[in-house]
Amino acid sequence: MNIQPEYPLENTFGLTSRAQWGGAIEQLTDVAAAQDFAEKNNLSMTCLGAGSNVILQPKVAGLVCSMRIEGINVVEESSESVLVEVGAGVVWHELVMESLSRGWFGLENLALIPGSVGAAPVQNIGAYGVEVAQLIVGVNIVDGLRESRQIAQKDCQFAYRSSVFKAQPDWTIVSVVFRLSKLPVIENSYPELQRVLQGLPVAEPSPQEVADCVIALRRGKLPDPAEFANVGSFFKNPIVTIEVARAMQALGFKAFVHGQGYKLSAAQLIDRGGWKGVRQGDVGCWSQQPLVIVNFGGAQCADILSFAKDVAHSVFEQYQVQLELEPSLLS
Ligand SMILES: Cc1cc2nc3c(=O)[nH]c(=O)nc-3n(C[C@H](O)[C@H](O)[C@H](O)COP(=O)(O)OP(=O)(O)OC[C@H]3O[C@@H](n4cnc5c(N)ncnc54)[C@H](O)[C@@H]3O)c2cc1C
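Just so we're clear, the structure is a prediction, and the values are computed from it rather than from any experiment. (Residues numbered from 1 in each chain as written. Predicted model: local features only at pLDDT ≥ 70, side-chain atom pairs only at ≥ 80, totals over all residues. Heavy atoms only, no water.)

**Here's the deal with the nonpolar core**
With 59 residues, the main nonpolar core has L63, W92, F165 and F178 as its most contacted residues. Listing elements by their share of this core, those giving two or more residues are α1 (28–40), β5 (59–67), β7 (81–87), α2 (92–101), β10 (136–142), β12 (172–181), α3 (191–198) and α4 (207–221). The two domains that each donate at least three residues to this core are domain 1 (4–67) and domain 2 (72–220). Non-local contacts of F165, meaning those with residues more than four positions away in its chain, are made with P121, V122, V139, I141, I151, C156, F158, W171 and I173. One finds V240, A245, A255 and A299 within the second-largest nonpolar core, a separate group that totals 33 residues. (Core = buried A, V, L, I, M, F, W, Y, C linked by side-chain atoms within 4.5 Å. Buried < 20%, exposed > 50% of the residue type's maximum accessible area, 1.4 Å probe, protein only. Helix = DSSP H or I, 4+ residues; strand = E, 2+ residues; numbered from the N terminus. Domains from an automatic or database assignment. Contact = heavy atoms within 4.5 Å.)

Okay, structure coming up:
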């Protein structure tokens, strides 16, 4: 493994950032090499995939490794399902497309989410009525004591945009094991997707058609990071008590049952708060989806954080609801 100083960090927010030390992990043995280097030089060690869910300071301390372990391997197969182990460096959307072409179903609602397979369990990626936790059997990691083990699904503490991995930064995820169905199971409970699927000239949409609709919906409202740098949703949807949810509903806000509480729409709060399409210099809220903060060119980390603070402060002043960052901040 080639570990170098001043390592440039890939990210979709258009931020110029260098790690004190960095290199790419391409195989399992690189994890041990990286851990040796970090220990010898008394450095923290962090893993990144595509950098599509991080806000990077210009300088990031410690050793930052780009996860590049490839491979999609069938572990077990029956007539109904397949157990498949996928390298953490595989591009998420490529896994979704590959599984559809092999007749493995379940991931289609998560099409076009940027990033790597290894990062998917970290924040339990979700979209259009599906969370990745529903498809995961286990996550293979190397922990800070260099022990390789599998964290079973039940121990991953999956929750809305959260998991045990968020609290264990010294764990390196090397692969993820999924159980995918060989029988099409269509998840169309998400109203926006349901509406589009109902408009198709077929009685029963196929998983490929679901993926196509999801891709079209996403392209219609989310900025392509290659054109308008962003990290997707900038804030989590706030989870609130029933009392707060009722008060917000009385003001015309949507509130969805979520576990013991209620989930509000952060996008609606930002929109009603007057921030949709608002731009300050090179930073702004996307006009079709205000939950996405866009770097229109030269914005740096400090500009983005300052804009986000203004948005969150304004929403709190108006509605007394606190917005929480979805991406991780690396410094
Ligand atoms: C346009 C756009 C749309 C998006 N839409 C969605 C969406 O619909 N739903 C959704 O949930 N998210 C969405 N996201 C967020 C993002 O795509 C996901 O969070 C994705 O899983 C991040 O993958 P990544 O490889 O880029 O992770 P990174 O940004 O590189 O890392 C994210 C976090 O995971 C950790 N991490 C990454 N890889 C590993 C590893 N191998 N081992 C240990 N820790 C690791 C990092 O340290 C960091 O804390 C969107 C982002 C963009 C830009």
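Resuming the write-up.
**Concerning the state of the cysteines**
One pass over the structure, following the stated rule, counts 0 disulfides. Free of any disulfide, C65 has its nearest cysteine sulfur in C47, 5.4 Å distant. Note on C65: relative accessible area 0%, which makes it buried. (Disulfide = S-S within 2.5 Å.)

**Describing the domain arrangement of the protein**
Domain boundaries in the protein define domain 1 (4–67), domain 2 (72–220) and domain 3 (229–330). Look at where the C-alpha atoms of domain 1 and domain 3 centre, and you get two points 29 Å apart. The partner domain 3 presents 18 residues to the 16 residues of domain 1 that form the contact. Three residues, F13, N53 and I55, lead the burial of domain 1 against domain 3; their summed loss comes to 50% of the area buried on that side. Where domain 1 packs against domain 3, one counts 0 salt bridges. (Buried area = accessible area lost by both parts, 1.4 Å probe. Salt bridge = Lys/Arg side-chain N within 4 Å of Asp/Glu carboxyl O.)

**Considerations on unusual backbone geometry**
Although it is not a glycine, L112 sits at a positive phi angle of roughly 70°. Mapped onto the elements, L112 comes out in the loop between α2 and β8 (126–127). Look at Y128: it is not a glycine, yet its phi comes out positive at around 50°. Along the chain, the position of Y128 falls in the loop between β8 and β9 (130–131).

**Remarks on the pattern of salt bridges**
Going through the model one piece at a time under the given rule, you end up with 14 salt bridges. R68 is paired through a salt bridge with E10; the nearest N and O atoms lie 3.0 Å apart. Of this pair, R68 sits in the loop between β5 and β6 (72–77) while E10 sits in the loop between β1 (4–8) and β2 (18–25); the two residues are 58 residues apart in sequence, bridging distant segments of the chain. Take R68: its relative accessible area is 27%, and that puts it in the partly exposed class. Between E39 and R146 there is a salt bridge, and its shortest N-O distance comes to 3.5 Å. Of this pair, E39 sits in helix α1 while R146 is found in the loop between β10 and β11 (148–152), placing the two residues 107 residues apart along the sequence. Among the residues examined, E39 registers a relative accessible area of 61% and is labelled exposed. Under the relative-accessibility criterion, R146 is labelled partly exposed at 32%. Through salt bridges with shared partners, a single network forms among D36, E39 and R146.

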